[in-house]
Amino acid sequence: MSGSTTPGRRERLLARMLALGLVGVLASGASAPRLAHARAPHRTMHPERIPITRAIAMQAVLRRDTQGGDAQGGFTGKGTRPQTASLGSPVEYREAVEESMRLGKWQLGIDLFEQCERMHDMPAVSHAALVSAAVSGLCRHGRVRVACNILLSTLSRDVATQGGLGAALDVGAVHALLDACASTAGLMREASAVVRQLSAVNATVDAKTYCILIKGFGRSTDARGVGTTLRGMRAAGVSPDVITCNAALDAYARANAPDDAAALMTRMEQRAGGLPGPNIRSYNALLKAYARSGRLDKAAALAQRMRAQTSASALESAEKTDATNSDLGTAGFDPELAFQAAVGNAPSIAAPRYLMWNQISLNTLIDAYARAGELDSALALLLGEGGHRWAASSTLASGVRAGAHAYTSVLVALARERRLADALQLFEAMKSSCVPPTAISYNALIGACARLGDNTRARALLTAMQQAGGELKPDAQAYNALIAGLCRTAHLSEEALQGVPALVVEMEAAGLAPDCRTFNALLGALARRADGRGAEAIAARMAASDVDLTIHSHTALLSAHGASGDLEGVVTSWERLLASRLPVDRTAWHEYMRSCLLADHQASRAGSTGTGSPVSAAYVGEAVRRARVRATSPGAALALEALEAMRRGAGEPRLPLPPDAFTYAILVHGLSRTRAGAAEAWRLYGQMRASQIRVDAPCARALMIAAKRFVGVEAAVQLILDLEDDGWSEQALKPLRDELSQIETVAQYTVDERWKAAGSQPTQQQAGQGRLGSGNTGGTQAPLSGKEKKKRDPLFERHGWNEFENGFRVL
């Protein structure tokens, strides 16, 4: 038996490992790798290091068991017993490193690698084989940075000793390491250092090495790194081939640097500096660069040139081959046959070089129009309609049909614009054109149907995806899109809420574990249903499933507790967010303030004070003392305290966030429900005026409600005058003026007793004197200076009847 281990053989293997004392070594695989040999290459052996005899014996035992050993260590006849070299030789070390990496014990492999470097003065070939084995094994286990450190430290020592290690290194292992760096974020600096060290030790650094490096810079969107690599390549005497140039063009496209790509294409067309001439991949890469940067005019001009060059070159080539290829059976040029020859279906025309326009070109151009929102032009190109100047403009180009990528790009754009009917019609056209839909196509349609509330159609698309067969199967994105759609309507339909658990079970049965998107959709549904306990249960399920809470998860928990009137739950959720060390952005602060005020409101409607818990009561009391506010509402005190903490900076990162118009709108709207809160709302309005933050429509509406209920008519007049000064139009001010006229009609008095006693209407200058909220007075009324007070009856004055409160409120 080779490649698998039976239970009985595994028990024998463990018994032998126990005898060798290696079970503890393999069990301690979580220790951090020791890579200090770059600083101290000749350090003494650590007392806890593994004796090499045990490691080699373990490797021999494992190999013997997997190749046919019996219980007594003999052989059953299957396989041949390996012939090992002398114990402790570099070859045995290399085999032990390879075996450790194969077993997943990369820490043990590093230990063996370091021991071999110290104990043996190896020739360059043996040393290079050992390094290649360690680097390849670490890359397979995703330890790319560790592999880079090992290779860099080894090469740096070889530069000093001139040991010739670089020339003996396995080029395939180096390419695998560079490709792993290119696929891992944040490792391109290490990859560049590896290439420099390889050049320093005269290792093989060919065009493929630089090509991998260029692709990595493209994936990290580093256009400067691409240019630096090209210049370094020419300085090293390595001539860029067409594959490397195309990789550079694609990297510029990924880095959103179309000007750099165009400059490189110009040099390629001029053959400047020994660069090769462009091919169709080159032009497609430049077209991609224009498309991604949104330069539709440049993309269209390049496409025009590509198609014109394709038609002219094809005609010229056909005229030349017409005289020599008599087996074509035609005296002229057949565009369709030329197209088939170009794609490789008609070998009699041996000139595929002239093709400069293919399906990838058309897909890229359509994707450019779809990304820019020019959906009508994209549809015209896709369906071959005559409404676009490009549609079916040449006979040869009519043989190029759009592929699944183009259809999917337009489908995604239509779904993003909520044009569901057009998206479904295009989906049917896609299937009728024999273009198989991809998973992205289905996911875009399912997401669009779910966002628009058509969960029935979304479910039908998911079922069709399941029945399509082949490699097309619903992925986590498809399930999450449908789950999110059901959760959006869960507060309106009990049937939608009941369908969510069944869909989650179906998802798990398909081998797809629910991720943070799945749980966040469920949290959002429970927040809309004001179910704080259910939201906490989902959070506990996430912790049990090893799914970390995202910032969206925390904000959904805040909203759920706030909607249910649980102020203590809001505080607990907020403290959990701060402890998670996630970046606390302005959206999280806004949700916390809104949830505090909403919990206050819900608790007051239910007849509860909201401070039943001693913990929350103590927290609220401390917040009131620190904020020095007059509000008696605990939620309002917490919201105002959050405003001050937001200015100071709290959470991660601890950067102060200045409040914006939306911050004040949330606070003003929540505070305007009570008398004390209305006064605080007008105090915040004074801060807005002092900070030159313009009031938006929701905030102005909340301030007007506070003025109607508790503050007074003079505040409402002042608000309108301030908005006039800010440049509000009459149309925008009309709703506020209508509310002000309703106050005057119901109350049957004018703006102020001063003007009523004078028997005249206030002018704008008079109304501007003593404006409320524009200074530090907040919502307090200005004293009646310069006017006589109304005469009061002594009897009424003695009994205090002039200050009698009847509880009347103007609404």
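Chemist: Can you tell me about the overall build of the chain, naming the residues and giving the values?
Modeler: A tally of regular secondary structure across the chain gives 40 helices and zero strands. The proportion of buried residues among the 811 residues of the chain is 47%. Partitioning the contacts of the chain with sequence separation of at least 6, the portion at a separation of at least 24 is 65%. In the form shown here, the chain has an accessible surface area of approximately 40200 Å², with 52% of it arising from carbon and sulfur atoms.

Chemist: Before we move on, can you summarise the packing of aromatic side chains with the specific residues and values?
Modeler: Per the counting criterion, the structure on display carries four aromatic pairs. Seen in terms of ring centroids, F427 and Y442 are 5.2 Å apart; in terms of plane orientation they differ by 75 degrees. Their pairing is edge-to-face. Of this pair, F427 sits in helix α21 (residues 420–432) while Y442 is found in helix α22 (residues 439–451), placing the two residues 15 residues apart along the sequence. Owing to a relative accessible area of 3%, F427 belongs among the buried residues under this scheme.

Chemist: Quick one: what's the story with the confidence of the model for the chain, residue by residue and with numbers?
Modeler: Looking at the chain, the pLDDT average stands at 75 and 69% of residues meet or exceed 70. Scored below 50 in pLDDT, residues 1–7 makes eight contacts in the model with residues more than four places away or belonging to other chains. Counted against residues more than four places away or in other chains, residues 764–790, with its pLDDT under 50, gives 44 contacts.

Chemist: Which residues make up the packing of helix α11 (residues 207–219) against helix α12 (residues 223–235), and what values go with them?
Modeler: Two elements in contact, α11 and α12, have axes separated by 9 Å at closest approach and are oriented at 170 degrees. Viewed along their axes, α11 and α12 adopt a mutual orientation that is roughly antiparallel. Considering the relative orientation of α11 and α12, their crossing is right-handed. On α12, the residues touching A207, Y210, L213, I214, F217 and G218 of α11 are G225, V226, T229, L230, G232 and M233. Of the residues in the contact of α11 with α12, the class split is eight nonpolar, four polar and no charged.

Chemist: Hey, could you go over empty space enclosed by the protein for me, with residue numbers and the actual values?
Modeler: Going through the model one piece at a time under the given rule, you end up with four cavities of 30 Å³ or more. Taken as a whole, the second largest cavity spans an internal volume of roughly 40 Å³. As for the second largest cavity, its lining consists of G166, L169, V171, V174, L198, A203 and T204. Its residues assigned to classes, the lining of the second largest cavity shows five nonpolar, two polar and no charged.

Chemist: Explain the environment of L486 to me, using residue names and the numbers behind them.
Modeler: One can find L486 in helix α24 (residues 476–488). For L486, a relative accessible area of 13% puts it in the buried group. Separated by 32 residues in sequence, L486 and D454 have C-alpha atoms that sit 9.3 Å apart. Setting aside chain neighbours within four positions, we find L486 in contact with N455, A496, G499, V500 and L503.

Chemist: Quick rundown of the nonpolar core? Include the residues and the values.
Modeler: One finds L177, I366 and V410 to be the most contacted residues of the largest nonpolar core, which totals 155 residues. A642, Y685, C699 and L719 belong to the second-largest nonpolar core, a separate cluster that totals 57 residues.

Chemist: Give a detailed account of the side chain of N480, specifying residues and quantitative values.
Modeler: As for its position among the elements, N480 is in helix α24. Leaving out residues up to four positions away in the same chain, N480 has contacts with M507, D515, R517 and T518.

Chemist: Lay out the environment of G142 in plain terms, naming residues and giving numbers.
Modeler: Of note, G142 is situated in the loop between α6 (124–140) and α7 (144–161). Accessibility expressed as a relative area gives 52% for G142, which makes it exposed.

Chemist: Can you tell me about the packing of α24 against helix α25 (residues 494–509), naming the residues and giving the values?
Modeler: For the pair α24 and α25, interaxial distance at closest approach is 9 Å and the crossing angle is 165 degrees. When the interaxial angle is binned, α24 and α25 end up roughly antiparallel. When the axes of α24 and α25 are compared, the crossing they make is left-handed. Along the contact surface, α24 presents A476, Y479, N480, L482, I483, L486 and C487, while α25 presents A496, G499, V500, L503, V504, E506 and M507. Partitioning the contact of α24 with α25 into residue classes produces eleven nonpolar, two polar and one charged.

Chemist: With reference to specific residues and values, describe helix α15 (residues 280–292).
Modeler: For α15, with 13 residues, the first-to-last C-alpha span of 18 Å sits near the 18 Å given by 1.5 Å per residue. Where burial is concerned, most of α15 is hidden: eleven out of the 13 residues are buried. Here α15 has its buried residues at I280, S282, Y283, N284, A285, L286, L287, K288, A289, Y290 and A291. Looking one or two residues beyond α15, the residue adopting positive phi is G294, at roughly 80 degrees.

Chemist: I'd like to hear about unusual backbone geometry, residue by residue, with values.
Modeler: Excluding glycine, residues mostly carry a negative phi; peptide bonds, for their part, are mostly trans. Despite not being glycine, N202 has its phi angle at roughly 60 degrees, a positive value. The residue N202 is located in the loop between α10 (188–200) and α11 in this model. What makes N202 exposed here is its relative accessible area of 64%. The backbone of R418 sits at a positive phi, close to 60 degrees, despite the residue not being glycine. Of note, R418 is situated in the loop between α20 (404–416) and α21.

Chemist: Outline the environment of E739, listing residues and values.
Modeler: Following the sequence through the fold, E739 ends up in helix α37 (residues 730–747). Among the residues examined, E739 registers a relative accessible area of 8% and is labelled buried. For the pair E739 and M704, spaced 35 residues apart in sequence, the C-alpha to C-alpha distance is 7.9 Å. Excluding residues within four positions of it along the chain, E739 makes contact with R701, M704 and K708.

Calculation notes
- Residues numbered from 1 in each chain as written.
- Predicted model: local features only at pLDDT ≥ 70, side-chain atom pairs only at ≥ 80, totals over all residues.
- Heavy atoms only, no water.
- Helix = DSSP H or I, 4+ residues; strand = E, 2+ residues; numbered from the N terminus.
- Buried < 20%, exposed > 50% of the residue type's maximum accessible area, 1.4 Å probe, protein only.
- Contact = heavy atoms within 4.5 Å.
- Areas by Shrake-Rupley, 256 points an atom, 1.4 Å probe, with all protein chains shown as cover.
- Phe/Tyr/Trp six-rings, centres within 6.5 Å; stacked < 30°, edge-to-face > 60°.
- pLDDT = per-residue confidence, 0-100.
- Axes fitted to C-alpha atoms, helices over the stretch in contact; angles between N-to-C directions.
- Parallel < 35°, antiparallel > 145°, perpendicular 65-115°, else oblique.
- Left-handed = near helix turned anticlockwise from the far one by under 90°.
- Nonpolar A, V, L, I, M, F, W, Y, C, P; charged D, E, K, R; others polar.
- 1 Å grid on protein atoms, 1.4 Å probe; cavity = no way out; pocket = protein on both sides within 12 Å on 5 of 7 lines; lining within 4 Å.
- Points joined across faces, edges and corners; volume = space filled by probe spheres on them.
- Core = buried A, V, L, I, M, F, W, Y, C linked by side-chain atoms within 4.5 Å.
- Expected span 1.5 Å × (residues − 1).

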